[in-house]
Amino acid sequence: MIVYTFANLKGGSCKTTSAVSIAEALAREGYNVLAVDLDPQGSLSRWLVTRSGAVTSLLRGDVDGMSLQTADLGGAAGRIDVLAADRSLVEMDDLRATKISSRLKRVWDASAGYDYGLVDPPPSVGALVIGALMASDGILSPVEAGPGAMDGLKDTIELIDDTDAGSLTGTFACRVDRRTTLDKSIRGGLLQEFGPVDSGGQAFRTQIREAVALREARTAYEPPGLYKPNMSTVSDYADLTTELLNLETQKHE
Ligand SMILES: Nc1ncnc2c1ncn2[C@@H]1O[C@H](COP(=O)(O)OP(=O)(O)OP(=O)(O)O)[C@@H](O)[C@H]1O
Ligand SMILES: [Mg+2]
């Protein structure tokens, strides 16, 4: 299982949306995904399944009692199983990050049959985020288009460097309104600063468009591709997922 954590210390920067959308894209490609909600807000759990203390008990050390919920994808080649979160996860932020990381790694070891693990942490700096970064193979950092877009990303990269926690696999722009010049420039800015992933850099070429239907899907508690298969972001996230899969193939060559 390859584990990616979605990270951006700026709140509301498309982490949960990207985790859900990429999990769905992978499942529709036939991969089995373990989605781990590490945010006490429980946004990912609420979207795909129901909130629960599943992750809290795992972080307490109770790996045997792993309780999974399977998301309804309306028939997909692969599946998404969710380890859900709720407010009880707040108390786990008092643990040391190394403890969280080692308990998460035990969960990975106990999870057979998955191709990918996707972790959705909270935006605040704390043990949950740092522990998740330490326990992952790669870090995906979405950047919400708009003024100050790069600030959250810079803080996130500093945190990754300072804590020696994993490495940035790739960054991408989300909620891009292609009618505005500022939004359009973000993708170019990321590519210039980090270099494209297909030539050794850390910026994805795909950008995720702003889509009202995506918010509707979340309100309807349905995965985007089930809610509206022809939604723009369903194809955007599918393209991004292809880039990610290609990147893995490249790394193994
Ligand atoms: N492509 C998109 N088009 C339209 N709305 C979007 C898009 N991506 C995300 N959003 C909206 O932006 C808001 C923030 O997204 P999301 O919850 O995914 O961010 P987050 O980084 O997980 O937030 P938090 O830091 O609170 O965990 C949500 O209201 C979501 O519906
Ligand atoms: Mg979130």
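Above this text sits the structure in question.
Read on for an overview of the structure. None of these values were measured; they are calculated from a predicted model. (Residues numbered from 1 in each chain as written. Chains lettered and ligands numbered in written order. Predicted model: local features only at pLDDT ≥ 70, side-chain atom pairs only at ≥ 80, totals over all residues. Heavy atoms only, no water.)

### Concerning the layout of surface pockets
What the largest pocket holds in volume is close to 410 Å³. Forming the walls of the largest pocket are 26 residues, and the residues nearest its centre are Gly12, Cys14, Thr17, Arg175 and Arg218. Contributions of two or more residues to the lining of the largest pocket are made by α1 (15-28), α2 (43-48), α8 (212-219) and α10 (232-252). Looking at side-chain class alone, the lining of the largest pocket contains 10 nonpolar, 8 polar and 8 charged residues. Counted as a void, the second largest pocket has a volume near 200 Å³. Lining the second largest pocket we find 13 residues, and of these Glu24, Ala25, Arg28, Val234 and Ala238 sit closest to its centre. Mapped onto the lining of the second largest pocket, the elements with two or more residues apiece are α1 and α10. Top contributing element to the lining of the second largest pocket by residue count: α10, with 7 residues. Grouping the constituent residues of the lining of the second largest pocket by class yields 6 nonpolar, 4 polar and 3 charged. (1 Å grid on protein atoms, 1.4 Å probe; cavity = no way out; pocket = protein on both sides within 12 Å on 5 of 7 lines; lining within 4 Å. Points joined across faces, edges and corners; volume = space filled by probe spheres on them. Helix = DSSP H or I, 4+ residues; strand = E, 2+ residues; numbered from the N terminus. Nonpolar A, V, L, I, M, F, W, Y, C, P; charged D, E, K, R; others polar.)

### Quick notes on the environment of Ile160
Here Ile160 is to be found in helix α6 (residues 149-163). A relative accessible area of 4% means that Ile160 is categorised as buried. Distance from Ile160 to Gly42, taken between C-alpha atoms, is 23 Å for residues 118 residues apart in sequence. Not counting the four nearest positions on each side in its chain, Ile160 is found in contact with Leu133, Ile139, Ala165, Gly166 and Ser167. (Buried < 20%, exposed > 50% of the residue type's maximum accessible area, 1.4 Å probe, protein only. Contact = heavy atoms within 4.5 Å.)

### Notes on the pattern of salt bridges
Scanning the entire structure with this criterion turns up 10 salt bridges. Across the pair Glu210 and Arg175 runs a salt bridge, and its minimum N-O distance is 2.9 Å. Taken together, the positions of Glu210 in the loop between α7 (181-194) and α8 and Arg175 in the loop between β7 (168-174) and α7 put the pair 35 residues apart, joining distant regions of the chain. You can call Arg175 partly exposed: its relative accessible area is 32%. We note a salt bridge from Glu210 to Arg215, for which the minimum N-O separation is 3.3 Å. The class of Arg215 is partly exposed, set by a relative accessible area of 47%. (Salt bridge = Lys/Arg side-chain N within 4 Å of Asp/Glu carboxyl O.)

### Looking at unusual backbone geometry
Within the chain, Cys14 stands out as a residue other than glycine whose phi angle is a positive 75°. Mapping Cys14 onto the fold places it in the loop between β1 (2-6) and α1. With a phi close to 55°, Tyr221 is a non-glycine residue in the positive phi region. Tracing the chain through its elements places Tyr221 in the loop between α8 and α9 (224-227).

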